[in-house]
Amino acid sequence: MTSDDCIRVKTQATCTLVNFLRALFSKEDGIETEFVDMLKPYSKKLLEVITEVFEFSIKVNYFPLQEESLNALSLLASILDEEFAEFYPNIMPGLKKFLYNLQPVTIQECELKAKAIETISELCSSVASKPEQFLDDFKELAEAFGKIFSTLKEDDVQVKAVLDAFVHISTGMKDLFLPYLKELFPLFEKYLLADIDFQVEDGSLNEFRDKENNKKNNMTMKDVNIKLNFLG
Amino acid sequence: MKTFVLQNKIYASEVLRDICLNMGTSFSPFLSQYLQISKPLIKFMYSTKVRKYCTDSMRVSILACKTDDEMKFVIDFMLSEVLSKVCHNARTCLLKELRSDLKTLMRTFEAIKSPKVVSQELVISLYETLKLVVVSIDDFKKKVKDILKPGEEFDENDAGDLENNIEELNEINRRKIFQSLIYIKIFIYRCNGNKRKCF
């Protein structure tokens, strides 16, 4: 098997695991305790393998594998919930390093960074019920996400991921989130008060004006088009 | 229309509500600012979700209050706007939204521990609103019954619509009754000259 084949097979295998986990633990139905119990004996080995795959994906710089391994980590964290706390110290440092090193330029890189933020915040959420030993991490991440948030353009795919991350982190930090909220509130305000620029335009107005100029007054063809300025 | 701006507005309104819930009373320094932003968006015409989250800002703000005075500020500032939205949804038979609004009202009043928080004027407004909901729902029931008139064609789609409508109406009625009970409690409290607690 060539190294390219190997990467593709690893990606496919990770993707299969992600689909399997998604099907078992659909959030709409709620996470069944019996499934969590079923997964527990394999969780340590699974997390070890996924962490290894994630590190490999960074080494070979292969985007689909990075994305799928992040998906798998995120899912395992939300499924294992409190049980995930014991694996947190092994996984979080690598993820943070990945996040800080990633300087996205292309849309694909932005999407990957958004995925990394989602995974990190999911990990934070899974340990939020016993936050004492993770508070330093939460503070560091709140600051880092705050900096990222202040530099994002409104149409960046990372906006949703960062906003969700604040919710996850505030779950663990509670009142300790106050200093960060002071910095973030004006940004939230900006997003909430932004003008969506809804315009209704008479599509036949110009045609009507031309006809008017030519003394051909015909109003029956008049229609209204909604002008949609997608992505600005 | 800038769709991403609308999407961000939805995210931001949801996130701010959730942060308020997560921080509890630590959020209280931001209550005034938060409500100033969310109040005009209660009737934001381009998104149901923005309207829902901003209406819910009244409930989560009550949970973030440290004192009765803060609660009174929240209620005085927000309740009339929320009731006006409830009236609009009742008149236009926006059942899903009406159901959601009544739930927000129910849960808001569940969190209020002292009847002093709601002023006389707002108690009257609450009563008028509930009256309007009763009348509007009765009108809507008549329309639903009309679907079943003999001689009319009635297919599977109509059956589905009817089932949904009945389900919505039942839920609205349940919430309406709960809200009325709260109203009656406030009324009894006021009739007794504010002598005893009623919540």
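Residues numbered from 1 in each chain as written. Chains lettered and ligands numbered in written order. Predicted model: local features only at pLDDT ≥ 70, side-chain atom pairs only at ≥ 80, totals over all residues.

1. What to know about the overall build of chain B
Thinking step 1. Regarding its fold elements, chain B presents 7 helices and 0 strands.
Thinking step 2. Every one of the 199 residues in chain B was classed for burial, and the buried ones make up 35%.
Thinking step 3. Contacts in chain B between residues at least 24 apart in sequence constitute 75% of all its contacts with a sequence separation of at least 6. (Helix = DSSP H or I, 4+ residues; strand = E, 2+ residues; numbered from the N terminus. Buried ≥ 20, exposed ≤ 12 C-beta atoms within 10 Å, placed from the backbone. Contact = placed C-beta atoms within 7 Å.)

2. Quick look at the packing of helix α5 (residues 107-126) of chain A against helix α7 (residues 158-173) of chain A
All names here are of chain A.
Thinking step 1. Running from N to C, α5 and α7 cross one another at 15°; their axes reach a closest spacing of 9 Å. By the angle class used here, α5 and α7 are roughly parallel. For α5 against α7, the interelement crossing comes out left-handed. Across the interface between the two elements, Cys110, Lys113, Ala114, Ile117, Glu118, Ile120, Ser121, Glu122, Cys124 and Ser125 of α5 pack against Gln158, Ala161, Val162, Asp164, Ala165, His168, Ile169, Thr171 and Gly172 of α7. (Axes fitted to C-alpha atoms, helices over the stretch in contact; angles between N-to-C directions. Parallel < 35°, antiparallel > 145°, perpendicular 65-115°, else oblique. Left-handed = near helix turned anticlockwise from the far one by under 90°.)

3. Focus on the interface of chain A and chain B
Thinking step 1. Contacts between the two partners involve 29 residues from chain A, matched on the other side by 24 residues from chain B.
Thinking step 2. Ranked by the residues each element gives to the side of chain A that touches chain B, the list is headed by helix α8 (residues 178-193) of chain A, at 8 residues.
Thinking step 3. Of the residues belonging to the side of chain A that touches chain B, the class tally is 18 nonpolar, 4 polar and 7 charged. (Nonpolar A, V, L, I, M, F, W, Y, C, P; charged D, E, K, R; others polar.)

4. Here's the deal with the environment of glutamine 12 of chain A
Thinking step 1. With respect to the helices, strands and loops of the structure, glutamine 12 of chain A is situated in helix α1 (residues 3-24).
Thinking step 2. Note on glutamine 12 of chain A: 13 C-beta atoms within 10 Å, which makes it partly exposed.

5. A look at the nonpolar core
Thinking step 1. One finds Val162, Phe166 and Ile169 of chain A to be the most contacted residues of the largest nonpolar core, which totals 93 residues.
Thinking step 2. Sequence-distant contacts of isoleucine 169 of chain A, that is, excluding residues within four places in its chain, are made with Ser121, Cys124, Phe138, Leu141, Ala142 and Phe177 of chain A. (Core = buried A, V, L, I, M, F, W, Y, C linked by C-beta atoms within 7 Å.)

6. Re the environment of phenylalanine 177 of chain A
Thinking step 1. Here phenylalanine 177 of chain A lies in the loop between α7 and α8.
Thinking step 2. Sequence separation of phenylalanine 177 of chain A and glutamate 83 of chain A is 94 residues, and the distance between their C-alpha atoms is 24 Å.
Thinking step 3. If we skip the residues at most four places from it in the chain, phenylalanine 177 of chain A touches Ala142, Ile169 and Ser170 of chain A together with Met23 of chain B.

7. Remarks on helix α3 (residues 48-64) of chain B
Thinking step 1. With 17 residues, α3 of chain B should reach 24 Å at 1.5 Å per residue; the first-to-last C-alpha distance of 24 Å fits that figure.
Thinking step 2. With 13 of 17 residues buried, α3 of chain B is to be regarded as a mostly interior element. (Expected span 1.5 Å × (residues − 1).)

8. Some points on the packing of α3 of chain B against helix α5 (residues 95-111) of chain B
Residue and element names in this part refer to chain B.
Thinking step 1. The interhelical angle for the contact between α3 and α5, taken along N-to-C directions, is 10°, at an axis separation of 8 Å. On the basis of their axis angle, the class for α3 and α5 is roughly parallel. For the pair formed by α3 and α5, the contact residues are Thr48, Lys52, Thr55, Asp56, Met58, Arg59, Ile62 and Leu63 on the first element and Glu97, Ser100, Asp101, Thr104, Arg107, Thr108 and Ala111 on the second.
Thinking step 2. Across the contact of α3 with α5, the residue classes break down as 4 nonpolar, 5 polar and 6 charged.

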